[in-house]
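# Summary of structural features
Here is what each chain is made of, one letter per residue.
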Amino acid sequence: MKKRLGTLGLLGLLTACQPEHPVETAHATPAPPVAPPPVSDAQASRIALQAQFVDEALGVAILPLPGFTLRRDFRRDYLATDDWKTFAEPDSRGKAVAALVLDGSNEITAAEVRLGVSDDPDAVAACLEVSDSALPSPRDEIRVDGQPFRHFRASDAAMSHYLTVDAYRAVRQDRCYAIDLLIVGTRPEVYDPPRTPPFDTATAQAWLREALAAIRFVK
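The present account deals with the structure reproduced in this document. This structure is a prediction, so every number in the text was calculated from the model and none was measured.

### Let's talk about the overall build of the protein chain
The helix and strand tally for the protein chain stands at four helices and ten strands. Moving toward the C terminus, one meets the helices and strands of the protein chain in the order α-α-β-β-β-β-β-α-β-β-β-β-α-β. Within the protein chain, the proportion of its 219 residues that are buried is 45%. Within the protein chain, contacts between residues at least 6 apart in sequence are counted, and of these 65% link residues at least 24 apart. When the accessible surface of the protein chain is totalled, it reaches about 11500 Å², and 54% of it is carbon and sulfur.

Written out as structure tokens, the structure is:
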């Protein structure tokens, strides 16, 4: 595993990902997010020069991040669909934009940050809806590069497999932007002999939250 940010840097990034508003109840009607000021041309140019991935049409960039590998698709061998967002409806249409895969990910345990986008009117209208698989909490608003995103946590399991997701959803420029922090895996004890996961869930969650800071919006 490559060297990561120091303890203070990680703690700072984790603190930045904490909710700015009280957690909503399952039945609360959230207030519409307030859009921040647009990114200036100078800021956008500076981000683009530093980025390892830029999609100017979608207005997003991804900065280099030690310990992660950039992928431009969601097709993997381990448990997780390649839909443009997690828990997408069968007829939902969208685009897999990019993913940051945590180094060491394998069929036992894998973790990645996925960014997907849809401009389909139905997907945009349902963008901020919470999945049926969502846990009761947290359900709150978190800012990613200053942009307000609706956040919820969800999980799923089947046989010896499991999936946990921190989902972030926002409507920008008439598109639905979906950021998913995925951890997927198989219980290691089902193997003979038992396998050793490349990392534990708590560590993977911390690294994925750190990776949110690599996503930037350039317009």
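On we go.
### Considering a negative patch on the surface
A cluster of like negative charges, contributed by Glu89, Asp91, Asp122, Glu129 and Asp132, occupies part of the molecular surface. When you line up the elements, Asp122 lands in helix H3 (residues 121-125).

### Let's talk about the nonpolar core
One finds Phe68, Leu100, Val113, Val144, Phe149, Tyr168 and Ile179 to be the most contacted residues of the largest nonpolar core, which totals 37 residues. Setting aside anything within four residues of it in sequence, one finds Val144 in contact with Phe149, Tyr168, Ile179, Leu212, Ile215 and Phe217. Judged by nonpolar contacts, the second largest core, of eleven residues, contains Tyr78, Ala154, Ala167 and Leu182.

### Brief notes about the sheet that holds strand S2 (residues 60-62)
Read from one edge to the other, the open sheet built from three strands follows the order S1-S2-S10, with strand pairing classed as antiparallel. One side of each edge strand has no neighbouring strand; the edge strands of this open sheet are strand S1 (53-55) and strand S10 (215-217). Here the strands of the sheet are splayed against their neighbours by 15° on average, with no regard to which way each runs. Summarising the sheet, S2 and S10 pair through three bridges and their orientation is antiparallel. Across the sheet, Ala61 pairs through a bridge with Arg216, a residue of S10.

### Some details on unusual backbone geometry
Looking along the chain, the bond that leaves Ser137 and enters Pro138 is cis, with omega of 0°. Structurally, Pro138 can be placed in strand S6 (residues 134-144). Between Asp192 and the following residue, Pro193, the backbone shows a cis peptide bond with an omega angle of 0°. Structurally, the position occupied by Pro193 is in the loop between strand S9 (175-186) and helix H4 (201-211). A positive phi angle, close to 60°, is found at Phe87, a residue other than glycine. Among the residues examined, Phe87 registers a relative accessible area of 25% and is labelled partly exposed. The residue Gln173 is not glycine, and still its phi comes out positive at about 50°. Relative to the assigned elements, Gln173 resides in the loop between strand S8 (161-172) and S9.

### Describing the sheet that holds S9
Strand order in the open sheet formed by seven strands is S3-S4-S5-S9-S8-S7-S6, and the pairing between neighbours is antiparallel. Strand pairing shows two members of the sheet lacking a second neighbour, strand S3 (68-71) and S6, which therefore form its edges. Sheet twist, expressed as the mean angle between neighbouring strand axes with direction ignored, is 20°. One ladder, built from seven bridges, connects S6 with strand S7 (residues 147-158); its direction is antiparallel. Counterpart to Asp140 in the pairing with S7 is His151.

Calculation notes
- Residues numbered from 1 in each chain as written.
- Predicted model: local features only at pLDDT ≥ 70, side-chain atom pairs only at ≥ 80, totals over all residues.
- Heavy atoms only, no water.
- Helix = DSSP H or I, 4+ residues; strand = E, 2+ residues; numbered from the N terminus.
- Buried < 20%, exposed > 50% of the residue type's maximum accessible area, 1.4 Å probe, protein only.
- Contact = heavy atoms within 4.5 Å.
- Areas by Shrake-Rupley, 256 points an atom, 1.4 Å probe, with all protein chains shown as cover.
- Patch = residues over 30% accessible without salt bridge, like charges linked within 9 Å, V, L, I, M, F, W, Y side chains within 5 Å.
- Salt bridge = Lys/Arg side-chain N within 4 Å of Asp/Glu carboxyl O.
- Lys, Arg positive; Asp, Glu negative; His and termini not counted.
- Charge placed at Lys NZ, Arg CZ, Asp CG, Glu CD.
- Core = buried A, V, L, I, M, F, W, Y, C linked by side-chain atoms within 4.5 Å.
- Pairing = 2+ DSSP bridges.
- Axes fitted to C-alpha atoms, helices over the stretch in contact; angles between N-to-C directions.

Shape is all these values report; function is a separate question.
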